[in-house]
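Descriptive structure summary
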Amino acid sequence: MTETHTSQNEQAGESYSADIYSEDGSIRADFLDRIDAHVQASDVEALADDVSGLHESELGDLIETLESDSRRRFATLLGDRFDFSALTEVDEAVRLDVIDALPNEQIAVALQTLDSDDAVYILEDLEEEDQAEILAQLPFTERIRLRRSLDYPEDSAGRRMQTEFVAVPPYWSVGQTIDYLRDSEDLPHSFAQIFVIDPTFHLVGAIDLDRILRTPRPNKVEEIMHETRHAIPAEMDQEEAAQIFEQYDLLSAAVVDENERLVGILTIDDVVDVIQEEAEEDLKRLGGVGDEELSDTVIETTKSRFLWLLINLGTAVLASAVIGLFDATISEMVALAVLMPIVASMGGNAGTQTMTVAVRALATRDIDIYNASRIIRRELTVGFINGVVFAALIGLVSAVWFSSLSLGGVIAVAMVVNMVCAALAGILIPLLLNRFGADPAIASSVFVTTVTDIVGFFAFLGLAAWWFGI
């Protein structure tokens, strides 16, 4: 009877929570208005009833949709019934906005109900003073675990790891292990592997749960364990750790310190978050907006974009200076002013295409010293072929438009030159930046655009000045 009742509740909760979204995937307006009305009326019971069936990610979407004042009151009104795991699903600015409205005592109590990786995710963005005050209110063991994770570098595997895991000695029998799993109250909420350690906590091996269930009770753990070939150093960057998961199709992996002692585990749910974050980060950096979030203030957003806009202004001035070298040529032949943006624009687009592929390949380590030359040759060939095709098109259009075969020929040659240079810049600039330790996702676009603009203008206007003798 109990199992049936629970199953029905879960199904009802899933059905109910799915109803909070409209067809376009956003929070339904009527549901949002109802939640906001409960918040304004301080109707705690009605508010708790409406959000009790929501998954943490759905609650996170709701919190992000609410206005700042409403979301702060929302969390305050729910008090101990507020699900802190939802804060791992929102932007940093939203998370800090909510946390600032809550007393440190409530945060300390709530963190004890979360997995350690989620607790660290919330703690790491707080001021050191608040961190210390919250940690001081936690049980000793929990406090030491969280402090150790916070001591690892930001964006490292140690920051992402979960410190709750199951570890047994190699001399235990399968029966002892199963009894331990049944009787112990200090186990992770869910796990797929049992790790094997020696008396000094050095990692010896691991056993999948299905292997435990299939093995007779008298067998020793050391007889059925396998080597953990993909243990991840705690200091390793989270992006590198995610690549190991992707390469070897892992569901979880042991995290070890510099002495090869087991300190935690990484699980696939956290790695999926890392992959998404890194992909978003690369995409934003290609656009020159850094770590900007939709929840950032006007001032924060302005600061985030200002530097790269300033750099773009400098490169635009440089391109304009190239045009200025040919002002007499342009004044003699106005058609050049009409056509020259086409050459630069086509080169810029071609360069951006190559650059995007190159930056992503560097991020996923698909480019190395063994295949770099082959990829460079491929991009040059693609640039030349596209250059010839579009040169023929724009050459024909220009010749008909301005009744000048010579002008069509000039712009066709300039198009080929710029498309080839764009392809070369799009692949070489990210490679060079990466070689010298700079982030190619941040800086590549500015340099590639500068190259294509300068080469495009110089090739077109220079050829025109030479051919027409202006």
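Above: the structure in question.
Residues numbered from 1 in each chain as written. Predicted model: local features only at pLDDT ≥ 70, side-chain atom pairs only at ≥ 80, totals over all residues. Heavy atoms only, no water.

**Things to note about the pattern of salt bridges**
According to the stated counting rule, one finds 12 salt bridges in the structure shown. Bridged by salt links that share partners, the residues Arg-71, Arg-72 and Asp-97 form one connected network. (Salt bridge = Lys/Arg side-chain N within 4 Å of Asp/Glu carboxyl O.)

**Here's the deal with the packing of helix H2 (residues 29-41) against helix H5 (residues 68-78)**
Look at H2 against H5: their axes get within 9 Å of each other, and the N-to-C directions meet at 70°. One element, H2, and the other, H5, form an angle in the roughly perpendicular class. When you trace H2 past H5, the crossing you get is left-handed. The residues of H5 that touch H2, namely those facing Ile-35, Asp-36, His-38, Val-39 and Gln-40, are Ser-70, Arg-73, Phe-74 and Leu-77. For the contact of H2 with H5, a count of residues per class yields 4 nonpolar, 3 polar and 2 charged. (Axes fitted to C-alpha atoms, helices over the stretch in contact; angles between N-to-C directions. Helix = DSSP H or I, 4+ residues; strand = E, 2+ residues; numbered from the N terminus. Parallel < 35°, antiparallel > 145°, perpendicular 65-115°, else oblique. Left-handed = near helix turned anticlockwise from the far one by under 90°. Contact = heavy atoms within 4.5 Å. Nonpolar A, V, L, I, M, F, W, Y, C, P; charged D, E, K, R; others polar.)

**Some details on the environment of Val-90**
Here Val-90 is to be found in the loop between H5 and helix H6 (92-100). For Val-90, a relative accessible area of 6% corresponds to the buried category. As for Val-90 and Met-419, which are separated by 329 residues in sequence, their C-alpha atoms are 42 Å apart. Those residues within four positions of Val-90 in sequence are excluded, and the remaining contacts are Gly-60, Glu-64 and Arg-95. (Buried < 20%, exposed > 50% of the residue type's maximum accessible area, 1.4 Å probe, protein only.)

**A look at the pairing of strand S3 (residues 203-208)**
The pairing of strand S2 (residues 193-197) with S3 spans 5 bridges and is antiparallel. Along S3, the bridge assignment pairs Ile-194 with Ile-207. Taking the residues between adjacent antiparallel strands as the criterion, S2 and S3 are bridged by 5 residues, where Phe-201 takes a positive phi near 70°. (Pairing = 2+ DSSP bridges.)

**Some words on the sheet that holds strand S1 (residues 167-168)**
On the basis of which strands lie adjacent, the open sheet formed by 3 strands has the order S1-S2-S3 and mixed pairing. At either end of the open sheet lies a strand with only one pairing partner, and these are S1 and S3.

**Section: the pairing of S2**
Where burial is concerned, most of S2 is hidden: 5 out of the 5 residues are buried. The two faces of S2 match: Gln-193, Phe-195 and Ile-197 on one face and Ile-194 and Val-196 on the other face are all buried. Pairing geometry for S1 and S2, over 2 bridges, is parallel. Each residue of the ladder has a partner; that of Val-168, found in S2, is Val-196. Since S1 and S2 lie parallel, the crossover through helix H12 (residues 174-183) that links them has a hand, and here it is right-handed. (Right-handed = clockwise from strand over helix to strand, strands pointing away.)

**Observations concerning helix H20 (residues 372-401)**
In this model H20 runs 42 Å from its N-terminal to its C-terminal C-alpha over 30 residues, within 8% of the 44 Å that 1.5 Å per residue would give. Restricting attention to buried positions, one finds in H20 the residues Ala-372, Ile-375, Ile-376, Glu-379, Gly-383, Gly-387, Ala-391, Ile-394, Gly-395, Ser-398 and Ala-399. Residues of H20 that are buried sit in contact with helix H19 (335-363) and helix H21 (405-435). Just past H20, the residue Ser-403 takes up positive phi, approximately 55°. (Expected span 1.5 Å × (residues − 1).)

**Remarks on the sheet that holds strand S5 (residues 252-256)**
As summarised here, the arrangement of the 3 strands in space is S4-S5-S6, forming an open sheet in which the pairing is mixed. Since the sheet does not close on itself, it has two edges, and those belong to strand S4 (232-233) and strand S6 (262-267), each with one partner. Here S5 pairs with S6 via 5 bridges, running antiparallel. When the sheet's bridge partners are listed, Ala-253 is paired in S6 with Leu-266.

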